[in-house]
Amino acid sequence: MMYKQKPVVLVADRESDATKGLIAFLRQHDLEVIWARDGESAFNAIDQTPIDCLVAELRVPRIDGMALLRRARERNPEVCGVVITEGAEIEKAVEAMRQGAYDFQMKPLNLEKLLAVLQRGLSHQALAARVAEMAGQLDERLGLERLTGRSRAVQRVTDQVRAIASTRATALIEGETGTGKGLVAQAIHQNSPRKHERFVWVNCGALAEGVIESELFGHERGAFTGATATRRGRFEMADGGTLFLDEVGEISPAVQVKLLRVIQDRAFERVGGTETMKTDVRLIAATNRDLAADVKAGRFREDLFYRLSVVRIQMPPLRERREDIPLMVEQFIREFDREHGRKVTGITRGVLDRLMRHAWPGNVRELKNTIEGMVVFAEGKRPLDLSDLPDALREVETGGETLAVTVGMTVEEAERQLLAATLRHTGQDKPRAAAMLGIGLRTLYRKIKQYSIH
Ligand SMILES: Nc1ncnc2c1ncn2[C@@H]1O[C@H](COP(=O)(O)OP(=O)(O)OP(=O)(O)O)[C@@H](O)[C@H]1O
Ligand SMILES: [Mg+2]
């Protein structure tokens, strides 16, 4: 986007005192005015100069003001177009609005009013430019930004990603399912000099043994039954970019050999082909298996393992970085609010406690899905509370903390402690606390007041 000293207004109207008055007025208000007396010169002006605003009489001689507006919007989608009508042309004016005009005004013109519309349009344009600029900046940082978490473990991963992104080093990302391996692979690509090239993803685990070789390396026509045409493989598609081999531990020994060759020589042949193809890809691999153990057991080639794991990135399971949960929950709520048009404002302490105690065998993916489910079902503007928890998370709820009741204590004191602890446990969910305590809600309220529990 270009920034000019003065915004440019194209006035398309025939010569008259009113038109001259309009132009003088706009110039007085710090706008640069180009005057086109007919359609042809208006079109020329649009093609030659970037126009910020267009003020067009609907019946400019020899051309349709509507066509003018269309052309101006083609050149600058944010152009502030105002159409001027002679009075009884409301229908045409409405049509112009439908086509993206900002406003329409009738003759005789109210100059102040027109100026206000133009100024509004211009500030809208400035805002749109600023938003586009910010979106661009966000995009650049996106890869790492989305890796939420402040735990040492996540910070370590982020540091590693930063350190290796600019290199061509092969990286092996290890971790349980749902820990964010795919996200990290993308982050490496996004932060690398190859970010404008392709990021090609192959899920080795999902491809049948016989298919994977031709998927990766392509095949020549007639290489096998069914190979009716020559096909490019993923290594060719990713040339210049990044190739992400997900679940690399699943590939067969035969393909392991070919893979080793590409890494070492940056060369390969298509299945059934004799021509040696050169490729320049940055390889990233991921696995949720213990590949080192597979190497020991003879299931995975040791030389390939070392080639792949020039850099090893370990994604810790979520249960080992529970301190990241609150931040993730907050982010996921915001994300799913937007996605599903909900207005969830946050989460109560009690639910968060519950989420922080859960084991999360499915890691971040499971947490994310859980939050999505809760947000989708939450109506209205309120925080997520215990009633939103899915059953699976509710059932395992245990008694919580143990209280020390000692002889010498009054019944009141013991009761006070139990009430306070139960309220803490339910996240101040009083109906739930009353149910757990086996007393009525009204009784609970009375006792809360009596013991001044907060
Ligand atoms: N640190 C994180 N911050 C935000 N979102 C995350 C984070 N880690 C993972 N996610 C999200 O969790 C989901 C699972 O992540 P991802 O698919 O990368 O996991 P994975 O390790 O590749 O799992 P699998 O082995 O099952 O393929 C994705 O939606 C991802 O965006
Ligand atoms: Mg994955």
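Definitions and cut-offs
Residues numbered from 1 in each chain as written. Chains lettered and ligands numbered in written order. Predicted model: local features only at pLDDT ≥ 70, side-chain atom pairs only at ≥ 80, totals over all residues. Heavy atoms only, no water. Helix = DSSP H or I, 4+ residues; strand = E, 2+ residues; numbered from the N terminus. Buried < 20%, exposed > 50% of the residue type's maximum accessible area, 1.4 Å probe, protein only. Areas by Shrake-Rupley, 256 points an atom, 1.4 Å probe, with all protein chains shown as cover. Lys, Arg positive; Asp, Glu negative; His and termini not counted. Charge placed at Lys NZ, Arg CZ, Asp CG, Glu CD. Phe/Tyr/Trp six-rings, centres within 6.5 Å; stacked < 30°, edge-to-face > 60°. Core = buried A, V, L, I, M, F, W, Y, C linked by side-chain atoms within 4.5 Å. Contact = heavy atoms within 4.5 Å. Near = heavy atom within 4 Å. Polar contact = N/O pair within 3.5 Å; in protein donor to acceptor, adjacent residues only side chain to side chain. Domains from an automatic or database assignment. Pairing = 2+ DSSP bridges. Axes fitted to C-alpha atoms, helices over the stretch in contact; angles between N-to-C directions. Salt bridge = Lys/Arg side-chain N within 4 Å of Asp/Glu carboxyl O. Parallel < 35°, antiparallel > 145°, perpendicular 65-115°, else oblique. Left-handed = near helix turned anticlockwise from the far one by under 90°. Nonpolar A, V, L, I, M, F, W, Y, C, P; charged D, E, K, R; others polar.

Going by what an unreviewed UniProt entry lists, the protein is known as Sigma-54-dependent Fis family transcriptional regulator and is assigned to Eiseniibacteriota bacterium.

A. Layout of the overall build of the protein. A tally of regular secondary structure across the protein gives 19 helices and 16 strands. Along the first, second and third principal axes, the C-alpha set of the protein runs to 100 × 85 × 40 Å. Relative to its full complement of 454 residues, the protein shows a buried share of 44%. Counting every atom, the protein has about 24200 Å² of accessible surface; 51% of that belongs to carbon and sulfur. Counting 68 positive and 65 negative side-chain charges, the protein places the averaged centre of each group 2 Å from the other.

B. Just the packing of aromatic side chains, in detail. Taken as a whole and judged by the stated rule, the model has five aromatic pairs. Between Phe-217 and Phe-268 the ring centres are 5.8 Å apart and the planes differ by 45°, which places this aromatic pair in the tilted class. Note that Phe-217 is positioned in helix H8 (residues 209-217) and Phe-268 in strand E11 (residues 267-269), a separation of 51 residues in sequence. Like Phe-217, the residue Phe-268 is buried in the burial classification.

C. Broad picture of the nonpolar core. Among the nonpolar cores identified, the biggest contains 29 residues, and Phe-235, Leu-243, Leu-245, Val-248 and Ile-251 are the most heavily contacted of them. Mapped onto this core, the elements with two or more residues apiece are strand E7 (199-203), H8, strand E10 (242-246), helix H10 (253-265), strand E13 (282-287), helix H11 (291-296) and helix H12 (302-308). With five residues, H10 is the largest single contributor of residues to this core. Residues contacting Leu-245, with those up to four places away along its chain left out, are Val-202, Cys-204, Leu-216, Leu-259, Leu-283, Ile-284, Ala-285 and Ala-286. Residues Val-351, Leu-352, Val-375 and Leu-393 belong to the second largest nonpolar core, which totals 22 residues.

D. Examining the site of ligand 1 more closely. In the region of ligand 1, 17 residues are neighbours, and Thr-148, Thr-177, Gly-178, Lys-181 and Arg-365 sit closest. In this structure, Lys-181 approaches ligand 1 through a side-chain N or O atom, which is 2.6 Å from an oxygen atom. A distance of 3.0 Å separates an oxygen atom of ligand 1 from a polar backbone atom of Gly-182. No fewer than three residues from each of domain 2 (146-316) and domain 3 (320-395) sit in the shell around ligand 1.

E. Here's a closer look at the domain arrangement of the protein. According to the domain assignment, the protein consists of domain 1 (8-131), domain 2 (146-316), domain 3 (320-395) and domain 4 (411-450). The gap between the C-alpha centroids of domain 2 and domain 4 is 56 Å.

F. Layout of the sheet that holds strand E3 (residues 53-57). Spatially, five strands are ordered E2-E1-E3-E4-E5 in an open sheet, and the strand pairing comes out parallel. What marks the edges here is a single partner per strand, and that holds for strand E2 (32-36) and strand E5 (103-106). On average, adjacent strands in this sheet sit at an angle of 20° to one another, irrespective of strand direction. When strand E1 (residues 8-12) meets E3, the two strands line up parallel, connected through four bridges. Bridged to Val-11 within E3 is Val-55. Of the strands in this sheet, E1, E2 and E3 touch helix H1 (residues 17-28), which is tilted by about 160° from E2.

G. Layout of the pattern of salt bridges. For the structure shown, the criterion picks out 29 salt bridges. One salt bridge in this structure joins Glu-220 and Arg-270, with 3.2 Å as the shortest N-O distance. Separated by 50 residues along the polypeptide, Glu-220 in the loop between strand E8 (218-219) and strand E9 (231-232) and Arg-270 in the loop between E11 and strand E12 (276-278) bring together distant segments of the chain. According to the relative accessible area criterion, Arg-270 is buried, its value standing at 14%. Between Glu-415 and Lys-447 there is a salt bridge whose closest N-O contact spans 3.1 Å. On the criterion of sequence distance, the pair formed by Glu-415 in helix H17 (residues 411-425) and Lys-447 in helix H19 (residues 441-450) is long-range, its members being 32 residues apart. The exposure class of Glu-415 is partly exposed, given its relative accessible area of 27%. Judged by its relative accessible area of 15%, Lys-447 falls in the buried class.

H. Molecular detail of the packing of helix H13 (residues 325-340) against helix H14 (residues 349-357). For the pair H13 and H14, interaxial distance at closest approach is 10 Å and the crossing angle is 120°. Taken together, the axis directions place H13 and H14 in an arrangement best described as oblique. For the pair H13 and H14, the crossing hand works out as right-handed. Residue-level contacts link Ile-325, Pro-326 and Val-329 of H13 to Leu-352, Leu-355 and Met-356 of H14. For the contact of H13 with H14, the residue count by class is six nonpolar, no polar and no charged.

I. Up close: the sheet that holds E10. If you trace the five strands from one edge of the open sheet to the other, you get E7-E10-E13-E6-E14, paired in parallel fashion. Of all the strands in the sheet, the pair left with one neighbour each is E7 and strand E14 (311-315). When strand polarity is set aside, the average angle formed by the axes of neighbouring strands in this sheet is 20°. Pairing analysis gives five bridges linking E7 to E10, with the strands arranged parallel. Bridge pairing in E10 places Trp-201 opposite Phe-244. Docked against the sheet, helix H6 (residues 152-165) engages strand E6 (171-175), E13 and E14, running at close to 155° with respect to E14.

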